Amino acid sequence: MNNEPLRFGLIGAGGIGAVRARALEKSPDCTLTAALDIDPERVAGLAGTARGFDSQQDFFESGLFDAVLICTPPDTHRELALEALQRGLHVLVEKPMAESVAACREMIAAARDADRILAVGFNHRFFKGVEVVRRAIHDGTIGKLSWIRAFTGHTGLSEFKAPWMYDKKVMGGGTLMDNGVHLLDLACHLMSEIESVNGYVRHDFWNLEVEDNAFLHITNSEGVVCDFHSSWTEWKGYRFFVEAYGDRGMAGMYYAPMRTRITTVDDKGTPVHTQRNFFPLDIFREKLFGWQVTVVETFIHEFRDFAARVRGQKGPFTAASGTDGLKACLVANTAYESSESGQAIRLPIVEDNA
Ligand SMILES: NC(=O)c1ccc[n+]([C@@H]2O[C@H](COP(=O)([O-])OP(=O)(O)OC[C@H]3O[C@@H](n4cnc5c(N)ncnc54)[C@H](O)[C@@H]3O)[C@@H](O)[C@H]2O)c1
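An account of the accompanying structure is given in this report. These numbers were taken from a predicted model, which means no experiment stands behind them.

1. Concerning the packing of aromatic side chains
Phase 1: Applying the stated rule across the entire model yields 18 aromatic pairs.
Phase 2: The ring of Phe299 carries Arg20 above its face, with NZ or CZ at 3.5 Å from the centroid.
Phase 3: Lying over the aromatic face of Tyr336, Lys168 brings its terminal NZ or CZ to 5.3 Å of the ring centre.

2. Thoughts on the site of the ligand
Phase 1: Taken together, 22 residues surround the ligand, and among them Gly15, Ile16, Asp37, Arg42 and Lys95 come closest.
Phase 2: Residue Ile38 places a main-chain N or O atom 3.5 Å away from a nitrogen atom belonging to the ligand.
Phase 3: Separating an oxygen atom of the ligand from a side-chain N or O atom of His77 is a distance of 3.5 Å.
Phase 4: In isolation the ligand has 850 Å² of accessible area, and contact with the protein removes 83% of it.
Phase 5: For the ligand, the cavity whose grid points lie within 2 Å of the majority of its atoms is the largest pocket.
Phase 6: Among the residues forming the shell around the ligand, the class breakdown is 10 nonpolar, 8 polar and 4 charged.

3. Some thoughts on empty space enclosed by the protein
Phase 1: Per the stated rule, a full pass over the model turns up 1 cavity of 30 Å³ or more.
Phase 2: Of the voids in this model, the largest cavity is the one considered here, and its volume is about 50 Å³.
Phase 3: Lining the largest cavity, in full, are Glu193, Ile194, Lys327, Leu330, Leu347, Pro348 and Val350.
Phase 4: Tallied by class, residues from the lining of the largest cavity come to 5 nonpolar, no polar and 2 charged.

4. Section: helix α10 (residues 292–310)
Phase 1: For α10, with 19 residues, the first-to-last C-alpha span of 26 Å sits near the 27 Å given by 1.5 Å per residue.
Phase 2: Counting buried positions along α10 gives 15 out of 19 residues, so the element sits mostly inside the fold.
Phase 3: Looking one or two residues past α10, Gly312 carries a phi angle of roughly 80°, positive in sign.

5. Some words on the layout of surface pockets
Phase 1: Its volume calculated, the largest pocket comes out at about 1500 Å³.
Phase 2: For the largest pocket, the lining is made up of 47 residues, of which Gly15, Ile16, Lys95, Trp164 and Met165 are closest to its centre.
Phase 3: Secondary-structure elements contributing two or more residues to the lining of the largest pocket are α1 (15–26), α4 (77–86) and α10.
Phase 4: Looking at the lining of the largest pocket, the element that brings in the most residues is α1, giving 4 residues.
Phase 5: Of the residues assigned to the lining of the largest pocket, the class counts are 23 nonpolar, 14 polar and 10 charged.
Phase 6: No fewer than three residues from each of domain 1 (6–123) and domain 2 (125–289 + 320–346) sit in the lining of the largest pocket.
Phase 7: By volume, the second largest pocket amounts to about 460 Å³.
Phase 8: What lines the second largest pocket is a set of 17 residues, and nearest its centre among them are Arg125, His189, Phe317, Asp324 and Asp352.
Phase 9: Among the secondary structure elements, those contributing two or more residues to the lining of the second largest pocket are α8 (180–191) and α11 (322–341).
Phase 10: Tallying contributions element by element places α11 first for the lining of the second largest pocket, with 3 residues.
Phase 11: In terms of residue class, the lining of the second largest pocket is made up of 5 nonpolar, 6 polar and 6 charged.

Cut-off values and rules
Residues numbered from 1 in each chain as written. Predicted model: local features only at pLDDT ≥ 70, side-chain atom pairs only at ≥ 80, totals over all residues. Heavy atoms only, no water. Phe/Tyr/Trp six-rings, centres within 6.5 Å; stacked < 30°, edge-to-face > 60°. Lys NZ or Arg CZ within 6 Å of the ring centre and 35° of its normal. Near = heavy atom within 4 Å. Polar contact = N/O pair within 3.5 Å; in protein donor to acceptor, adjacent residues only side chain to side chain. Areas by Shrake-Rupley, 256 points an atom, 1.4 Å probe, with all protein chains shown as cover. 1 Å grid on protein atoms, 1.4 Å probe; cavity = no way out; pocket = protein on both sides within 12 Å on 5 of 7 lines; lining within 4 Å. Sits in = over half its atoms within 2 Å of the grid points. Nonpolar A, V, L, I, M, F, W, Y, C, P; charged D, E, K, R; others polar. Points joined across faces, edges and corners; volume = space filled by probe spheres on them. Helix = DSSP H or I, 4+ residues; strand = E, 2+ residues; numbered from the N terminus. Expected span 1.5 Å × (residues − 1). Buried < 20%, exposed > 50% of the residue type's maximum accessible area, 1.4 Å probe, protein only. Domains from an automatic or database assignment.

As structure tokens, this is what we get:
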């Protein structure tokens with residue numbers, strides 16, 4: 001494959017589709033050449049020179065792109081991904097990968113059969129603060145990883161623009177499958193192989209079929225524990241944090257606004273060292289232009305990894321694979337089962353690119 005930008009066809013020109021389109025305009029690695037939405041006005045409203053379609057068949061037969069970027073409601077992801085993969089296209093699909101574990105498995109099998117790349121849009125992996133925590137774990141700054149504390153929350157129903165966003169049939173769950181799935185992915189990403197999940201979910205604030213708060217203890221095979229809370233009743237507005245504790249200190253990232261803290265201790269009884277970063281430029285840009293500027297930046301990094309994978313370059317890559325998308329969905333569904341049964345549940349082993 002040549003080094004021309006990878007050509008993307010966008011499916012779903014709604015809220016996040018429009019932000020993805022802006023990121024593609026700025027990406028040196030990928031470009032937007034076509035867009036499909038069942039609502040023609042949404043396609044027409046997209047910036048740039050991409051050709052718009054409201055017919056799925058015309059879109060797929062246009063020959064204008066090598067990969068699709070799926071930004072539609074989760075219960076449509078499986079069918080759209082399967083069509084793209086069967087036509088020999090690569091797929092980057094928004095989170096959650098699909099509304100069910102079975103759908104995720106079907107998508108992975110289709111990508112394997114077609115020998116195409118399937119990736120999931122867990123762009124939180126590319127937040128600068130997350131990079132600080134990941135590095136502090138991997139380079140040994142905080143010593144041997146012992147436990148993680150993770151939180152994500154927003155104001156729930158007051159945040160949503162359409163009823164499908166809290167419909168179990170479409171989303172597969174509530175806060176865990178919405179904002180929570182980003183943090184479930186980060187937990188799996190930082191802890192590697194997850195072994196068991198103990199979950200407890202509550203429905204009593206918004207009184208919906210799906211949960212408005214979820215509390216999990218996630219453990220890996222080395223005994224690392226993640227204390228996890230995902231919420232739709234966080235009245236301060238959208239925020240998340242991840243703190244990793246090791247036997248020599250801790251590294252934490254907090255958003256919004258973005259900040260990080262690394263605290264280390266050389267020996268028991270010796271003073272602690274703390275390093276804080278406030279990312280003033282990023283905070284200033286968000287104040288001026290909104291949260292989208294930060295998200296666009298994460299998407300550009302994700303596109304770079306995706307294009308490199310499509311070109312057959314060797315990793316390591318930060319972007320999430322289809323297997324990562326399946327793992328996050330599996331942890332959420334196991335938490336639902338665990339909450340029903342009152343028992344911690346062991347996860348099946350998920351093989352990479354299985
Ligand atoms: N990465 C993130 O941080 C992030 C943020 C928000 C949303 N998302 C995810 O992105 C996806 C879309 O969310 P949104 O907020 O943009 O929703 P949205 O309702 O704003 O946009 C969805 C668009 O898809 C179109 N659509 C629906 N079915 C279609 C089909 N079969 N073919 C073509 N177009 C179709 C709709 O007309 C609409 O324009 C969801 O999976 C959501 O979880 C991710």
